[in-house]
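# A structural walkthrough
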Amino acid sequence: MAGGGFAVQGPARNYEGGVTTFVIVTCFVAAFGGLIFGYDIGISGGVTSMDSFLKKFFPSVYHKESEKHNENMYCKFESHLLQLFTSSLYLAALVASFFASTVTRVFGRKVSMLFGGLVFLVGAVLNGVAMNVAMLIIGRLLLGVGVGFANQSVPVYLSEMAPAKIRGALNIGFQMAITIGILAANLINYGTSKIEGGWGWRISLALAAVPAIMITVGSLFLPDTPNSILERGHTEKARDMLKKIRGTNNVDEEFQDLVDASEAAKRVEHPWRNILKPQYRPQLVICSLIPCFQQLTGINVIMFYAPVLFKTLGFGDGASLMSAVITGVVNVLATVVSIYSADRFGRRVLFLEGGVQMIICQVLVGIMISLSFGTSGVGKLAGGTANFVLFLICVYVAAFAWSWGPLGWLVPSEICPLEIRSAGQAINVSVNMFFTFVIGQFFLSMLCHMKFGLFLFFAGWVVIMTIFIFFFLPETRNVPIEEMNRVWKAHWFWGSYIPDDAVIGGQSSNKQKP
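Residues numbered from 1 in each chain as written. Predicted model: local features only at pLDDT ≥ 70, side-chain atom pairs only at ≥ 80, totals over all residues. Heavy atoms only, no water.

Moving on, we get to the overall build of the protein. Secondary structure assignment for the protein yields 23 helices and zero strands. Looking at the 514 residues of the protein, the share that counts as buried comes to 62%. As presented, the protein carries roughly 18100 Å² of accessible surface, and 68% of it is formed by carbon and sulfur atoms. (Helix = DSSP H or I, 4+ residues; strand = E, 2+ residues; numbered from the N terminus. Buried < 20%, exposed > 50% of the residue type's maximum accessible area, 1.4 Å probe, protein only. Areas by Shrake-Rupley, 256 points an atom, 1.4 Å probe, with all protein chains shown as cover.)

On the surface, a nonpolar cluster with roughly 770 Å² of combined accessible area is contributed by Val-356, Ile-360, Val-363, Leu-364, Ile-367, Leu-371, Phe-388, Phe-391 and Leu-456. Taken together, the elements giving at least two residues each to the nonpolar patch come down to helix H18 (347-373) and helix H19 (383-401). Counting residues per element, the nonpolar patch draws most heavily on H18, at six residues. On the secondary structure map, Phe-391 appears in helix H19. (Patch = residues over 30% accessible without salt bridge, like charges linked within 9 Å, V, L, I, M, F, W, Y side chains within 5 Å. Salt bridge = Lys/Arg side-chain N within 4 Å of Asp/Glu carboxyl O.)

Within this structure, the stated rule accounts for twelve salt bridges. A salt bridge links Arg-347 to Glu-414, with the nearest nitrogen and oxygen atoms 2.9 Å apart. Note that Arg-347 is positioned in helix H18 and Glu-414 in helix H20 (residues 404-415), a separation of 67 residues in sequence. Of the two residues examined, Arg-347 and Glu-414, each falls in the buried class. Residue Glu-483 is joined to Arg-486 by a salt bridge in which the shortest nitrogen-to-oxygen separation is 3.4 Å. Residue Arg-486 is classed as buried on the basis of its relative accessible area, which comes to 4%. Connected through shared salt-bridge partners, Arg-109, Glu-160, Glu-231 and Arg-421 make up one network.

Enumeration according to the criterion identifies zero disulfides in this entry. Looking at Cys-361, it has no disulfide partner, and the nearest cysteine sulfur is the one in Cys-394, 9.8 Å off. Of all cysteine sulfurs in the structure, the one in Cys-287 sits closest to Cys-416, which takes part in no disulfide; the separation is 3.7 Å. Its relative accessible area of 0% is what places Cys-416 among the buried residues. (Disulfide = S-S within 2.5 Å.)

Further remarks concern empty space enclosed by the protein. Left-over empty space is what a probe sized like a water molecule reveals as it rolls over the atoms. Using the criterion set out here, one finds four cavities of 30 Å³ or more in the structure. Within this model, the largest cavity holds a volume of roughly 150 Å³. In this structure, the largest cavity is lined by 15 residues; those nearest its centre are Ile-41, Gln-175, Ile-178, Asn-300 and Phe-400. Breaking the lining of the largest cavity down by element, the ones donating at least two residues are helix H2 (33-47), helix H8 (167-192), helix H15 (281-296), helix H16 (299-312) and H20. Of the residues in the lining of the largest cavity, the class split is eight nonpolar, seven polar and no charged. What the second largest cavity holds in volume is close to 90 Å³. Together, Thr-297, Gly-298, Val-301, Ile-302, Cys-361, Gln-362, Val-365, Leu-392, Ile-393, Tyr-396, Phe-455 and Phe-458 line the second largest cavity. Those elements that provide at least two residues to the lining of the second largest cavity are H16, H18, H19 and helix H22 (453-472). Considered class by class, the residues forming the lining of the second largest cavity number nine nonpolar, three polar and no charged. (1 Å grid on protein atoms, 1.4 Å probe; cavity = no way out; pocket = protein on both sides within 12 Å on 5 of 7 lines; lining within 4 Å. Points joined across faces, edges and corners; volume = space filled by probe spheres on them. Nonpolar A, V, L, I, M, F, W, Y, C, P; charged D, E, K, R; others polar.)

Relative to the helices and strands, Ser-44 is located in helix H2. A relative accessible area of 0% means that Ser-44 is categorised as buried. Of the polar contacts made by the side chain of Ser-44, one reaches the backbone oxygen of Ile-41; its length is 3.4 Å. (Polar contact = N/O pair within 3.5 Å; in protein donor to acceptor, adjacent residues only side chain to side chain.)

Its identity is not glycine, yet Lys-451 carries a phi of approximately 55 degrees, on the positive side. For Lys-451, a relative accessible area of 18% corresponds to the buried category.

Before going further, it helps to spend a moment on the packing of aromatic side chains. The tally for this structure, following the rule as stated, stands at 26 aromatic pairs. Plain terms: the ring middles of Phe-53 and Trp-201 are 5.5 Å apart, the flat faces sit at 70 degrees to each other, and that makes the pair edge-to-face. With Phe-53 in helix H3 (residues 51-57) and Trp-201 in helix H9 (residues 200-206), this pair connects stretches of sequence that are 148 residues apart. Judged by its relative accessible area of 0%, Phe-53 falls in the buried class. Over the ring of Phe-57 we find Lys-56; its NZ or CZ atom is 5.6 Å from the centre of that ring. Positioned above the aromatic ring of Phe-85 is the side chain of Arg-140, whose terminal nitrogen or guanidinium carbon lies 4.8 Å from the ring centre. (Phe/Tyr/Trp six-rings, centres within 6.5 Å; stacked < 30°, edge-to-face > 60°. Lys NZ or Arg CZ within 6 Å of the ring centre and 35° of its normal.)

The next point concerns the nonpolar core. When a protein is soluble and globular, its nonpolar side chains tend to lie buried together. Counting residues in each nonpolar core, the largest one holds 146 residues, and the members touching the most others are Phe-53, Ile-302, Trp-404, Met-433 and Phe-443. Apart from residues lying up to four places away in sequence, Phe-53 is in contact with Val-47, Thr-48, Phe-58, Phe-85, Leu-136, Trp-201 and Leu-205. (Core = buried A, V, L, I, M, F, W, Y, C linked by side-chain atoms within 4.5 Å. Contact = heavy atoms within 4.5 Å.)

Quick look at the packing of H18 against H22 now. Where H18 meets H22, the closest approach of the two axes is 8 Å, and the angle between their N-to-C directions is 165 degrees. Considering the angle they form, H18 stands roughly antiparallel to H22. Read as a crossing pair, H18 and H22 show a hand that is left-handed. Residues Arg-348, Phe-351, Leu-352, Gly-355, Met-358, Ile-359, Gln-362, Val-363, Val-365, Gly-366 and Ile-369 of H18 lie in contact with H22, whose contacting residues are Phe-455, Leu-456, Phe-458, Ala-459, Val-462, Val-463, Thr-466, Ile-469 and Phe-470. (Axes fitted to C-alpha atoms, helices over the stretch in contact; angles between N-to-C directions. Parallel < 35°, antiparallel > 145°, perpendicular 65-115°, else oblique. Left-handed = near helix turned anticlockwise from the far one by under 90°.)

This next bit is on the side chain of Asn-432. Relative to the helices and strands, Asn-432 is located in helix H21 (residues 418-450). Among all residues touching Asn-432, those that are not within four sequence positions of it are Pro-291, Gln-294, Gln-295 and Trp-409.

What follows covers helix H12 (residues 235-246). The terminal C-alpha atoms of H12, which comprises twelve residues, lie 17 Å apart, in line with the 16 Å expected from a rise of 1.5 Å per residue. The set of residues buried in H12 consists of Ala-238, Met-241, Leu-242, Ile-245 and Arg-246. The buried residues of H12 all sit within an arc of 120 degrees when viewed along its axis, so they share a single face. Exposed positions of H12 whose direction lies more than 90 degrees from the buried face are Glu-236 and Lys-237. Looking one or two residues past H12, Gly-247 carries a phi angle of roughly 70 degrees, positive in sign. (Expected span 1.5 Å × (residues − 1). Arc of directions from axis to C-beta.)

Moving on to the confidence of the model for the protein. Averaged over every residue, the pLDDT of the protein is 84; residues scoring 70 or more account for 89%. Within the model, the stretch residues 1-12 combines pLDDT values under 50 with 34 contacts to residues more than four positions away or in other chains. Across residues 505-514, confidence stays below pLDDT 50; counting only partners more than four residues off in sequence or on other chains, it has 20 contacts. (pLDDT = per-residue confidence, 0-100.)

Encoded structure:
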């Protein structure tokens with residue numbers, strides 16, 4: 001077997017049933033959960049670049065940023081309190097994801113979405129009427145709880161509802177919603193920044209209530225997944241739901257696989273303890289490293305702080321916000337590429353191509369900034385150079401948007417068997433939120449101290465993660481979730497961890513456990 005991580009797979013089971021309108025509609029509604037995450041990512045960077053917002057809540061940053069003399073451009077926005085405004089949400093999401101794991105397993109995926117939407121709604125209102133930094137931070141913490149619950153439940157819901165042959169496309173609907181949320185936030189920031197009186201930031205923050213209402217109301221009408229219904233002991237109801245989402249009465253084979261997986265899951269009393277067992281080592285490693293690597297691509301340097309970054313590089317106020325809109329448009333369009341490609345060409349191809357593209361762009365951005373600002377931070381990007389840097393950042397965003405962006409949520413949500421699925425997704429969300437918090441809290445300080453080298457720092461991490469994907473991630477395209485152990489069993493490295501009896505229907509590879 002090749003050492004490049006390719007799995008020798010037998011034919012996947014082809015369950016009866018097609019792609020029904022019912023599945024498409026339910027997955028579309030569930031994907032609204034990504035809007036709240038995306039809107040928040042996009043909105044925070046825009047309002048922190050608005051002078052009126054800085055003047056009210058962070059006056060020291062405002063005075064430093066408004067000084068026009070030869071100041072170190074790398075350090076203009078450095079403020080741990082300002083960074084806490086952005087990052088506090090993700091610290092709350094990290095903690096919430098562990099509680100969300102239990103809620104998602106015991107009460108179902110849709111209840112978790114409903115609760116997340118309601119808490120996010122309260123946080124949005126509090127941010128919109130904030131009178132001091134404390135109200136801002138408390139509102140952000142509530143937003144974080146909502147994000148933690150939504151990010152825990154939505155990817156799992158989508159993976160469980162979708163037929164294997166289009167699971168990638170439907171699951172990437174979550175990432176598509178994130179990118180639409182980011183773009184909407186960028187457009188709103190651009191518009192509200194022009195409101196006279198300097199209160200436009202309140203509209204930007206309060207409009208987070210709109211996606212919150214969408215996921216809250218939408219979740220009331222969503223059915224629960226057959227997997228979740230079985231998990232809670234309603235066998236016939238689960239069978240009826242499977243018939244409905246597959247559009248056929250002949251679901252015996254797929255349903256039996258779900259029942260077998262559910263019975264195995266019920267014998268597991270402690271999913272958190274069990275995910276540490278050797279037989280779940282592939283899932284534990286992937287659910288831990290993929291979200292870590294996703295953030296170490298440096299994408300949230302752009303998503304959180306795009307307007308701030310562009311202002312740092314010498315763009316004007318309007319130009320910096322418009323540049324963020326441009327990257328947002330690229331983000332959405334490139335995610336469409338992933339929806340088309342993930343189930344046609346596979347996860348590995350997108351991961352590897354996106355990694356190479358990001359490395360090239362980050363190195364070039366680092367070089368261009370070093371030539372303009374050097375280590376002193378004194379200087380300015382010339383018009384042509386600034387446009388070229390913006391182009392490189394757009395190409396970088398595109399690479400992320402069709403690779404690590406959607407696949408960072410898709411792959412961990414589809415690889416875990418039911419008995420550890422809630423724990424695996426909680427690890428995925430919490431690790432993602434932890435590193436998102438770290439990037440959000442320390443990026444502006446890292447930019448101040450590492451200067452242009454920060455972009456080379458992230459490029460180095462992308463090299464490491466691309467090598468990891470090449471050797472250690474097997475292809476999961478078109479493999480039913482309940483048959484996923486067959487993929488791990490056939491892998492050159494992970495196969496030794498998977499017991500022969502863990503592969504449904506005896507479809508283990510010819511590679512035997514040593």
